[in-house]
Each structure stands twice: as C-alpha cells, then as structure tokens.
Amino acid sequence: WVIRKVNTKDSLVRNDKDQRYSFTEQGRYVVRVKVSDNENFCSDTASVYITVSESAIQVPNVFTPNGDGINDEFRIAYKSITRFHCWVYSRWGREVFDWTDPQKGWDGTIGSSKASPGPYFYVIEAYGSDVDANGNPKKYLLKGSINLLRGKE
C-alpha cells in the first residue's frame, strides 16, 4: 500500500501483509491499497482519503452568567477532542460541578443556587484525535482559574 500526503510528492510504500500506521502530522492523506492473488493472477486497488486533524483546547478566564445570553456559561473552545472531563472547584477545594461533553459547560450554579461571584478552579483531562511521538493519543491536563462575574440581572 501507499500513503501520500495530499498536495505533496512524498509517498510511503509498504509491502507487508499486516499493516499498522500512525499519522503523526495533521493533513489530508490518500491511502492506496493494492491486493493481489499471485495464484489466480487477480488484483484490485482501492483508495481512501483520510483527514488528520490537530487537536486543541482553549480555556477562557472569565464568564458572566447573568442571563443576557452572552458568555453565560464556562465553556472551552476545542478542536478534535475525543475524550473530555472537566471538574470545577470552589476556592476552598469543594467540587461544585463536572462534565464530560466538551459541547456543554458550567452555567454558574451549584445545585439549584447561583454560585457566588469570584474565582473558581478547573482541572481538565482530555485526549485529542492526533497522536504524540510514541503513537499515543495526545493528552491534555490543564489546570487554572476561572472568574465568575455577575452584573445586573
């Protein structure tokens, strides 16, 4: 089989029976496989395009859950994340919220009550769809603070 990054001339050609390959660079690739049966003189070729995306996480440092529809949740910006977990803690170390869907976020409540304005702390553990130099999914372990601000509601 042949792997070639689209819009480049460099190709990787392999002739082994069993194949395993980890893409370490983002981009669009074409993988062409040719299978032959030397006894019956048959062969077939197939191609597939693969897009390898680079993962990323960006975390804001403030949110304003005041009901105006703007910045009302503590949410991350992300790209190509396959697994995600975020925990939010009060300044005294009490866990106040956690979630596992990066499309969601914290709305600034603890239970059914509004959380007090001020700093909170987060821990994010996530994995990207891209891989590190060892072929393992890229891991993110982020820790920081988020400021909850409340204006007039």
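Treat the numbers as computed from the prediction; the structure is a model and nothing was measured.

Draft legend 1. Layout of the confidence of the model for the chain. Of all residues in the chain, 83% have pLDDT values of 70 or greater, and the mean over the chain is 86. Predicted confidence in the chain is weakest over strand β1 (residues 2–5), with a mean pLDDT of 61, and strongest over strand β9 (residues 95–99), with 98.

Draft legend 2. Expanded view of the nonpolar core. Among the nonpolar cores identified, the biggest contains 19 residues, and Phe 74, Phe 84, Cys 86, Val 88, Trp 106, Tyr 120 and Ile 124 are the most heavily contacted of them. Those elements that provide at least two residues to this core are β8 (81–89), β9, β12 (118–131) and β13 (137–148). Residues within four places of Val 88 in sequence aside, it is in contact with Phe 74, Arg 94, Glu 95, Val 96, Phe 97, Trp 99, Trp 106, Tyr 120, Phe 121 and Tyr 122.

Draft legend 3. Summary view of the pattern of salt bridges. Evaluated as defined, the whole model comprises two salt bridges. Where Arg 75 meets Glu 73, a salt bridge forms, and the shortest distance between an N and an O atom there is 2.6 Å. Residue Glu 73 is classed as partly exposed on the basis of its relative accessible area of 28%.

Draft legend 4. Spotlight on the packing of aromatic side chains. For the structure shown, the criterion picks out seven aromatic pairs. Ring plane angle 85° and centroid distance 5.8 Å describe the contact between Phe 74 and Trp 99, whose orientation is recorded as edge-to-face. Placement of the pair is Phe 74 in the loop between β6 (62–63) and β7 (77–79) and Trp 99 in strand β9, with a sequence separation of 25 residues. Pair check on accessibility: Phe 74 and Trp 99 agree, each one buried. When the ring of Phe 97 is compared with that of Trp 99, the centres are 5.6 Å apart and the planes differ by 40°; the resulting orientation is tilted. Owing to a relative accessible area of 7%, Trp 99 belongs among the buried residues under this scheme.

Analysis parameters
Residues numbered from 1 in each chain as written. Predicted model: local features only at pLDDT ≥ 70, side-chain atom pairs only at ≥ 80, totals over all residues. Heavy atoms only, no water. pLDDT = per-residue confidence, 0-100. Helix = DSSP H or I, 4+ residues; strand = E, 2+ residues; numbered from the N terminus. Core = buried A, V, L, I, M, F, W, Y, C linked by side-chain atoms within 4.5 Å. Buried < 20%, exposed > 50% of the residue type's maximum accessible area, 1.4 Å probe, protein only. Contact = heavy atoms within 4.5 Å. Salt bridge = Lys/Arg side-chain N within 4 Å of Asp/Glu carboxyl O. Phe/Tyr/Trp six-rings, centres within 6.5 Å; stacked < 30°, edge-to-face > 60°.

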